[in-house]
Every structure is written in structure tokens, then in C-alpha cells.
Amino acid sequence: MAFNKPRWLLKENKGVFFFSKKKYVFFFTKKHYNEVRMYKIIYKKQLNPEICLLEIEAKDLAIAAKAGQFIVLRIDEQGERFPLTLYDFDREKGTITIVCQAIGVSTKKLCALNVGENILDIAGPLGHATKVENIGKVICIGGGVGTAETYPIAKAMNEKGNDVTVIIGARNKDLVICEKEIKEFCDNVHITTDNGSYGRKGFVTDVLKELLEKNTYDLVFAIGPLIMMKMVSEMTRPKKIKTLVSLNSIMIDGTGMCGGCRVQYDGKTKFTCVDGPEFDGHLVDFEDVMRRNGRYKDKETKAMENYGHKCKIGL
Ligand SMILES: Cc1cc2nc3c(=O)[nH]c(=O)nc-3n(C[C@H](O)[C@H](O)[C@H](O)COP(=O)(O)OP(=O)(O)OC[C@H]3O[C@@H](n4cnc5c(N)ncnc54)[C@H](O)[C@@H]3O)c2cc1C
Ligand code: FES
């Protein structure tokens, strides 16, 4: 059933009227409205102690989704809006898949949801899709949860006939994700862990340095912590290799209205949500993005303390 936007909310917030496209009028109580509109989780997998994968019923989003795009979601009425990349989508099933690292209140709440439970609202797909073309030799680098965001791009680049090399970086063996999925289509996969518990000891940039010394490449993608994307961009700059990064600046509406996600790019102000999220790494002012992303650290820490406190009370 297709609905227009709610036209009139009752003062006491008890329910909502809709005009359907055929001009019928429907009335829902708040409970029923939520049941109709919510996005149901139909599959969940814990990829490691911090990161979960969720497949969600979202037919409209699945139809329009493309690699590189993201969504902005809100778990419940008290929840804040936050962005997550589309990891995968199945147009026939009408589902989207996201991968989320539980690092703060909202992401912990999301990873605590189980199959059968619902997400209140999702806006998307947002941002520009990755331009997938046959360009030649490509390196895709994923750091931490950024590996999940790298996966659909590497897969799409491979399907276009590119020679794809993937570098996965994580703090330790338990935190390496998507290795099996990436190896299904890519023979050149390098893994690094900070403590050497799996793959090579060190950072993704150690492997990148060696690859760049041995071969020439046409494109480098880097998705992960800002500092990693900055270091990768600095490494490819002298060799003039086109380098794309997916910026994770703080977002609120995700539609270009609030200005929360603004970044300095080639001396101009850009909005990550509508101009990105992919940008040429050689033109991004990473220091500015890092400064802006750390602005709410105190509030985030406080919110986490309160959340932990409530959880313990609930036990
Ligand atoms: C385009 C985009 C795609 C992203 N894709 C993924 C993904 O696929 N998987 C994933 O695990 N994470 C992804 N992130 C990061 C994710 O949005 C944040 O981890 C999340 O918002 C943290 O919220 P929190 O309440 O759990 O943590 P908080 O304690 O509130 O914040 C922890 C850190 O997360 C970042 N953050 C907080 N609020 C926001 C916000 N509204 N927008 C952006 N960053 C924020 C800040 O750097 C902050 O220091 C993406 C971010 C962007 C911008
Ligand atoms: S998130 Fe508001 S303008 Fe980008």
C-alpha cells in the first residue's frame, strides 16, 4: 500500500491520518503506524566482537541502491540520526545489508537489535554512487569497519574487468572482517594487523609502499580511519595516482541542509552527504575533518557513560 506523507498529526500525538494515492483516508494509532513504516531486521551476523552485519527489509531502498552510497537511520523515537554505508543490497528480496561497528550509544543500540526487531526510519540511498569504470590496475584499501565499505566497491571494480588488489587492515586478528567474501572474487588480498596476530605486522600503508615500489597503478581507493586515508593520500601524491577516499564526517540530516558534514576541499567548502562521500584524497583538508569529528568527544563520552549506567541498572 502506498502512502503519502502524514497530513495531520493529532494534537495528543495518539495517531496519524494518511491520504493514500487513491485518496482514501486511513487512520493509524501510533503503535500501528510504527509497525507499518518500520524496517525489519531479517538476518544478523556478528562479524567480530565489535562489528555486526544486519540484513533489513527495505524494498524501496534496495531498488535504488548503488555501491558507495549510504543511509541515515534512526533506531527509535529517542534515537539520533547517524549514517552507515550500504554494504550490499538484494533487489529481488527487497533487502539492504549494513555493517556496523559498535563504538558509541547509537551503534551499540543498533548492534544489540535482533532478528525480528525493527529500525524506526531510514533515509536513503544518499550520496553519489561510486563511479565504476574499467580503468586498469586498482588498489582498494579497507581499515577496520572501512573494510566492509571497501567490499562492494572492490567487487564492482572487479566485475568491470579491473585488476583489483585489496589490502585489509585491523588492530588484531579478531577484528579482521570480510576476508572470505573478498577472496571469493580477488586473488590479491593482503592482510595487516597492528599487533601481528594475523597477516603481516604493521599498517596497510606498509603493504601499499611495497606495491607502489614494484608496480604502477591507475587508482587507489581508501576507506577507513581518517588518519589512514590521509597517510594513503600522502603516499600516492608524489606518484600522481588518483586516490579516492570515502569521508566519514559527522552527519545529521544527510541531505545538504544542516551543514554539519562540511569539509574543506580544494580550498572550497563541500558537504560530504551531497557532494560525496567520495572525494579526491589529494584535495581533502584532513586536519580540518579530524578536528571537526572530534568536536563532540566530551558529549559522546558522557552519553556512553550514561548508557553503560542504564544498562547496568537494567540487569
Ligand atoms: C558516510 C558515512 C558512512 C559511514 N558508514 C559506516 C559503516 O558502514 N559502518 C560503521 O560502523 N560506521 C560508519 N560510519 C560511522 C558511523 O556513522 C559512526 O560510527 C556513528 O555515527 C557513531 O555513532 P555513536 O552514537 O555510536 O557514537 P558516538 O559516541 O556518538 O560517536 C563516536 C564517533 O563516531 C563519529 N560520529 C558520531 N556521530 C556521527 C554522525 N552523526 N555522523 C557521522 N559520524 C558520527 C564521530 O567521529 C565520533 O567521534 C559512517 C559515517 C559516514 C559519515
Ligand atoms: S549532513 Fe547535513 S548537510 Fe550534510
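Residues numbered from 1 in each chain as written. Chains lettered and ligands numbered in written order. Predicted model: local features only at pLDDT ≥ 70, side-chain atom pairs only at ≥ 80, totals over all residues.

(A) Up close: the sheet that holds strand β14 (residues 200-201). On the basis of which strands lie adjacent, the open sheet formed by seven strands has the order β14-β13-β12-β11-β15-β16-β19 and mixed pairing. At either end of the open sheet lies a strand with only one pairing partner, and these are β14 and β19 (278-280). Examined bridge by bridge, strand β11 (residues 137-143) and strand β15 (residues 219-223) share five bridges and lie parallel to one another. Note on β15: the bridge partner recorded for I139 is V220. (Pairing = 2+ DSSP bridges. Helix = DSSP H or I, 4+ residues; strand = E, 2+ residues; numbered from the N terminus.)

(B) Seen up close, helix α7 (residues 226-236). Within α7 the residues assigned to the buried category are M228, M229, V232, S233 and T236. One face of α7 carries all of its buried residues, which in axial projection span an arc of 130°. The secondary structure elements touched by the buried residues of α7 are β11, α6 (204-214), β15 and β16 (242-246). (Buried ≥ 20, exposed ≤ 12 C-beta atoms within 10 Å, placed from the backbone. Arc of directions from axis to C-beta. Contact = placed C-beta atoms within 7 Å.)

(C) How the structure looks around the sheet that holds strand β9 (residues 118-119). Read from one edge to the other, the open sheet built from seven strands follows the order β9-β4-β5-β8-β7-β6-β10, with strand pairing classed as antiparallel. Each having just a single partner strand, β9 and β10 (121-126) make up the two edges of the open sheet. Helix α3 (residues 105-112) rests against β5 (51-57), β7 (82-90) and β8 (95-101) of the sheet, and its axis sits at about 125° to β8. Packing against the sheet, helix α4 (residues 146-159) makes contact with β7 and β8, and its axis sits at approximately 40° to β7. (Axes fitted to C-alpha atoms, helices over the stretch in contact; angles between N-to-C directions.)

(D) Focus on the pairing of β8. Within β8, seven of the seven residues are buried, leaving the element largely enclosed by the surrounding structure. Burial along β8 is two-sided: T95, T97, V99 and Q101 facing one way and I96, I98 and C100 facing the other are all buried. Looking at chain direction, β5 and β8 are connected through seven bridges and run antiparallel. If you follow E55 over to β8, its bridge partner there is T97. In sequence, β7 turns back onto β8 through a hairpin of four residues, with G94 there showing a positive phi of about 75°.

(E) Spatial organisation of the nonpolar core. I71, I96, C140, I141 and A222 are the most contacted members of the largest nonpolar core, which has 73 residues in total. Looking at which domains feed residues into this core, each of domain 2 (38-126) and domain 3 (137-246) gives three or more. A222 has contacts with I141, M228, M229, V232, T243, V245 and G281, leaving out every residue within four places of it along the chain. (Core = buried A, V, L, I, M, F, W, Y, C linked by C-beta atoms within 7 Å. Domains from an automatic or database assignment.)

(F) Local environment of the pairing of strand β4 (residues 39-46). The pairing of β4 with β9 spans two bridges and is classified as antiparallel. What sits directly across from K40, in β9, is N118. Sheet analysis places β4 next to β5, joined by five bridges and oriented antiparallel. Among the inter-strand pairings, I41 is bridged to a residue of β5, identified as I56.

(G) Here's a closer look at unusual backbone geometry. Backbone torsion omega between G124 and P125 reads -5°, so that peptide bond is classified as cis. Within the element layout of this structure, P125 appears in strand β10. Here the amide bond leading from G276 into P277 is cis, since omega sits at 10°, within 30 degrees of zero. Examined against the element boundaries, P277 turns out to sit in the loop between α8 (272-275) and β19. One non-glycine residue, C178, adopts positive backbone phi at about 65°. With respect to the helices and strands, C178 occurs in the loop between β12 (163-170) and α5 (179-183). Overall, the presence of 23 C-beta atoms within 10 Å leaves C178 in the buried class. Phi at K240 takes a positive value of approximately 55°, unusual for a residue other than glycine.

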